[in-house]
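Here's the letter readout for the chains.
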Amino acid sequence: MRRGKLFILSGPSGVGKGTLRERALKDVEGLIYSISCTTRSPRPGERDGIEYRFVSEADFKRRVQEGLFLEHARVHDAYYGTLRADVERELDAGNDVLLEIDVQGAKQVRSRLPDAISIFVAPPSLEELERRLRNRQTESDDELRHRLANAALEMEQKGAYDRILVNDDLDDASAELRRLILSYRE
């Protein structure tokens, strides 16, 4: 039986990673999403165990100490991490796995699993990214400035990825992501 492929999807906050992930999961048969753990509070409409596993900081740190994470990082004043056992179980079962993680986590995964396929989702411009973040209305002005500063730093790392996907038009970007995933199955 073939071992599944691991796909890493990352990029700045507000670039559309979550929407692209949702579409890929609907459009690509046999693609599994690995749900990350986080210490941040749920946003409106988010459910525990669906978008994230919402855990306490103490529980998160315990899991770090026990070596349970494939990757973990502190991003935007919260911790995020991917449980190694979740990913390995799906890959061993022959399923392709999609991670939606930040650039710090992507670097960790690429060093631990060098055959992972990394895809950086970029905005058409930083101005467009700011517009998208403002429109989503989930951050204060201070948080927004912080996310935009982080976005500029994250954009500098896009050259380390296997592929760069510019999310200028959601339908086009979604179709391109589907093509990319399927091309690695051949």
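Above this text you will find the structure in question.
Residues numbered from 1 in each chain as written. Predicted model: local features only at pLDDT ≥ 70, side-chain atom pairs only at ≥ 80, totals over all residues. Heavy atoms only, no water.

Asker: Any chance you could break down the environment of L144 for me, citing the residues and the numbers?
Answerer: For L144, the position within the fold is in helix α6 (residues 141-155). Residues L144 and G81, spaced 63 residues apart in sequence, show a C-alpha to C-alpha distance of 22 Å. In this structure L144 touches L133, R134 and E139, once residues within four positions along its chain are discounted. (Helix = DSSP H or I, 4+ residues; strand = E, 2+ residues; numbered from the N terminus. Contact = heavy atoms within 4.5 Å.)

Asker: Which residues make up the nonpolar core, and what values do they have?
Answerer: With 21 residues, the main nonpolar core has F7, L9, L20, L31, I119, L177 and I181 as its most contacted residues. Of all elements in the fold, only β1 (6-10), α1 (17-27), β8 (117-122), α5 (126-136), α6 and α7 (170-183) reach the threshold of two or more residues within this core. Counting residues per element, this core draws most heavily on α7, which supplies 4 residues. Beyond its immediate chain neighbours, meaning those up to four positions away, I119 contacts F7, I8, L9, S10, Y161, R163, L165, L177 and L180. Core analysis: the next-biggest nonpolar cluster, separate from the first, contains 17 residues, L70, L91, V109 and Y161 among them. (Core = buried A, V, L, I, M, F, W, Y, C linked by side-chain atoms within 4.5 Å. Buried < 20%, exposed > 50% of the residue type's maximum accessible area, 1.4 Å probe, protein only.)

Asker: Describe the pattern of salt bridges, listing the residues and the values that go with them.
Answerer: Under the definition given, this model contains 16 salt bridges. Residues R40 and E46 are paired through a salt bridge, measuring 2.8 Å at the closest nitrogen-oxygen approach. Look at E46 and you get buried, because its relative accessible area is 18%. Between R89 and D86 there is a salt bridge, with its nearest N and O atoms 3.1 Å apart. Pair noted here: R89 and D86 are both in helix α3 (residues 84-92), with a separation of 3 residues, about one helical turn. Through salt bridges that share partners, D59, R62, R63 and E66 make up one connected network. (Salt bridge = Lys/Arg side-chain N within 4 Å of Asp/Glu carboxyl O.)

Asker: How would you sum up the packing of aromatic side chains? Please name residues and give values.
Answerer: Throughout the structure, instances matching the rule amount to 6 aromatic pairs. Seen in terms of ring centroids, F120 and Y161 are 5.2 Å apart; in terms of plane orientation they differ by 65°. Their pairing is edge-to-face. Of the two residues, F120 is situated in strand β8 and Y161 in the loop between α6 and β9 (163-166); the sequence distance between them amounts to 41 residues. Here F120 matches Y161 in class, with each residue buried. An aromatic cluster of three or more residues is present, and its members are Y52, F54 and Y80. The ring centre of Y161 lies 4.7 Å from the NZ or CZ of R110, which sits over that ring. (Phe/Tyr/Trp six-rings, centres within 6.5 Å; stacked < 30°, edge-to-face > 60°. Lys NZ or Arg CZ within 6 Å of the ring centre and 35° of its normal.)

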